[in-house]
Amino acid sequence: MEEVPIPIIGRRQVLVKVGACGVCRSNLHMIEGDWVEKGVPAKSPIVPGHEVTGKVAELGEGVDAFKEGDRVGIQPLWSTCGRCEFCLTGRENICLSKQITGETVDGGFAEYMVADANHVYHLPDNLQDAEAAPLFCPGITAYGAVKKAELRAGKRVAVFGVGGVGHMVIEFARLNGADVIAVSRSSRGLDLGKELGASEAVDISKGDREDWLKRIGPVDSSIVFAPSTELAELAMRATKPGGVTVIGVFVEIGTLPFVEEKRVVGSVVGSRQDMAEVLKLASDRKIRPVYEEFELEKANEVLKMLKTGRIRARAVLVL
Ligand SMILES: [Zn+2]
Ligand SMILES: [Zn+2]
């Protein structure tokens, strides 16, 4: 914990007085140096945190979509180039020149943060800062993954990992009418999965692979947010021929059984349009993040709790 000056904003930027910021497993990966080889963080020291809500405190030159005091949120996609083939085709989340909140630029584990006005979102009035914060990473990440899983009524989907993102994957999958099988190693995750409407919760802390496969599969789609190569392989095996496995974590995917025409698709956060859709669904109370609040000063303690599996769904730091 350190005192730093209030950041100075530039043209088309907004200074946000942070009200809440979710604590993501990827924050923990970065802080522990797991992603140094991937160039993350891009600078050091850095302020982590990428699911941020708060109030506009100051406007840079050329910002007309916001005024001081507006309630806003910021997602991991801090900025995009707006010109590359991906930005021009609604896939700005894979822009090659994107900046990532809390990984390449300072994020929200702080009292103030700078945001790019083109990537700031108005918060619906009926959502509090703390409950809205998880929408900006787990919410949009889960939404993007569920879209790619091609779900609808009558489809069966297995969700691997019921944590910050996984619990929202279950909510969106249920919203699409799919039958959900929650797969987790923790009793906390299994209970949460059932609470959110999973028709079955498969405990993979005991038993063996063949046994798990029988209980999980065959499913039309599978979605993996548990950072485990073993579970990614299990997900692919549990998926029917022609089905899709969506992966949102770093894993090895091994051999792809092409003769079964299975597809494996990566998914990372989402576009501004996706974010707007998530905020609308939350405002309409179709989805609700599950979270616990902690004071910002407890950030290090919360990261330790996350590491040792003591957080239910999502921890949110509040100011
Ligand atoms: Zn995150
Ligand atoms: Zn771009």
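Residues numbered from 1 in each chain as written. Chains lettered and ligands numbered in written order. Predicted model: local features only at pLDDT ≥ 70, side-chain atom pairs only at ≥ 80, totals over all residues. Heavy atoms only, no water.

**Thoughts on the overall build of the chain**
- A tally of helices and strands in the chain yields nine helices and 15 strands.
- Whereas a compact globule of 319 residues would reach a radius of gyration of roughly 20 Å, the chain reaches 19 Å, a difference of no more than 12%.
- Projected onto the principal axes, the alpha-carbon positions of the chain cover approximately 60 × 40 × 40 Å.
- The buried share among the 319 residues of the chain stands at 54%.
- The long-range fraction of contacts in the chain, counting pairs at least 24 apart against all pairs at least 6 apart in sequence, stands at 65%.
- Entry remark: accessible area of the chain is about 14700 Å², with carbon and sulfur atoms responsible for 50%. (Helix = DSSP H or I, 4+ residues; strand = E, 2+ residues; numbered from the N terminus. Rg over C-alpha atoms; globule rule 2.2 N^0.38 Å. Buried < 20%, exposed > 50% of the residue type's maximum accessible area, 1.4 Å probe, protein only. Contact = heavy atoms within 4.5 Å. Areas by Shrake-Rupley, 256 points an atom, 1.4 Å probe, with all protein chains shown as cover.)

**Let's talk about the sheet that holds strand β11 (residues 219-224)**
- Reading across the sheet, the six strands line up as β10-β9-β8-β11-β12-β13 and stay open at both edges, with parallel pairing between neighbours. Two strands close off the open sheet at either side, each with one partner strand: β10 (200-203) and β13 (263-266). The sheet shows a mean angle of 20 degrees between the axes of neighbouring strands, direction not considered.
- Alignment of β11 against strand β12 (residues 239-247), held across five bridges, turns out to be parallel. Note that in β12 the partner of S221 across the bridge is V244.
- In the packing of helix α7 (residues 229-238) onto the sheet, the strands contacted are β8 (156-160), β11, β12 and β13, and the crossing angle to β12 comes to about 150 degrees. (Pairing = 2+ DSSP bridges. Axes fitted to C-alpha atoms, helices over the stretch in contact; angles between N-to-C directions.)

**A look at the coordination of the zinc ion (ligand 2)**
- Here the zinc ion (ligand 2) is held by the protein donor atoms C81 (SG), C84 (SG), C87 (SG) and C95 (SG), which lie 2.3 to 2.4 Å from it.
- For the zinc ion (ligand 2), the four donor atoms in the first shell make angles of 106 to 116 degrees at the metal, a pattern classed as tetrahedral.
- Each donor residue of the zinc ion (ligand 2) lies on one chain, and together they are spaced C-x2-C-x2-C-x7-C. Of this pair, C84 sits in the loop between β4 (77-79) and β5 (99-100) while C95 sits in the loop between β4 and β5, and the two are 11 residues apart along the sequence. Across this residue pair, the class does not change: C84 and C95 are buried. (Donors = N, O, S within 2.8 Å, 3.2 Å for Na, K, Ca; no water. Tetrahedral: all angles 85-135°; square planar, octahedral: opposite > 155°, others 65-115°.)

**Quick word on the packing of helix α3 (residues 138-148) against helix α4 (residues 166-175)**
- α4 packs onto α3 with a crossing angle of 50 degrees between their chain directions and a minimal axis gap of 8 Å. On the basis of the axis angle, α3 is oblique to α4. The two elements α3 and α4 meet at a crossing, and its hand is right-handed. Along the contact surface, α3 presents P138, G139, A142, Y143 and V146, while α4 presents M168, V169, F172 and A173.
- Considering only residue class, the contact of α3 with α4 consists of eight nonpolar, one polar and no charged. (Parallel < 35°, antiparallel > 145°, perpendicular 65-115°, else oblique. Left-handed = near helix turned anticlockwise from the far one by under 90°. Nonpolar A, V, L, I, M, F, W, Y, C, P; charged D, E, K, R; others polar.)

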